[in-house]
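What the coordinates show
So the chains spell out like this:
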Amino acid sequence: VVPASPGRKLMNELKAAHAVLAYHDRSDGGVLCACMNAATLALVDAGIPMKDFVVACTSGYLGDTFVRDLNNVEEMSRKPYLPLAMLPRSEKIVMVKLKSKIAPENFENLVRQAKRGCADIHKILQNAAKERVSASPTSAADETPGLRAP
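The structure reproduced in this document is the subject of the present report.

Conventions and cut-offs
- Residues numbered from 1 in each chain as written.
- Predicted model: local features only at pLDDT ≥ 70, side-chain atom pairs only at ≥ 80, totals over all residues.
- Heavy atoms only, no water.
- Pairing = 2+ DSSP bridges.
- Helix = DSSP H or I, 4+ residues; strand = E, 2+ residues; numbered from the N terminus.
- Axes fitted to C-alpha atoms, helices over the stretch in contact; angles between N-to-C directions.
- Contact = heavy atoms within 4.5 Å.

Looking now at the sheet that holds strand β4 (residues 92-96). Across the sheet, four strands lie side by side as β2-β1-β3-β4; this open sheet has antiparallel pairing. This sheet does not close on itself; its edge strands, each paired only once, are β2 (65-68) and β4. Direction aside, neighbouring strands of the sheet carry axes that sit 30 degrees apart on average. Where strand β1 (residues 55-62) and strand β3 (residues 81-87) come together, six bridges link them in antiparallel fashion. Residue pairing for β3: A56 is matched across the bridge by A85. Across the sheet, helix α2 (residues 31-45) is in contact with β1, β3 and β4; its angle to β1 comes to roughly 160 degrees. Packed onto the sheet, helix α4 (residues 104-135) meets β1, β2, β3 and β4 and runs at close to 140 degrees relative to β1.

Pasting the structure below:
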């Protein structure tokens, strides 16, 4: 038996399902993460109640340097890279993908970098959502759309 994901639990609560299709015509890397972040913003923009955002970011290392938000050249360099999605309020990881064999300490560093990237992206998404609300004449400017108290 597979436990229900937080998103699935919320869908069961609401008795609703929503599909978000994300298309891209060019890739400069991080397509999976970009689509996940775009889907989060689409749900927020649609006013779908959510307990938290889902934010995603890639991390990797080039030489001895750990980096985040990889571009296409960095992703294709045959070096390990890790796409990660998380719920920023609880810092719960909801998706992680790694196709390379690496040392455990390198994995921990990749996760740490991706989580930092997710935190940065979360701030950007929150600001975008708040700007959207403040631009709307019928919404309160101090609320983040789509989010409800846990």
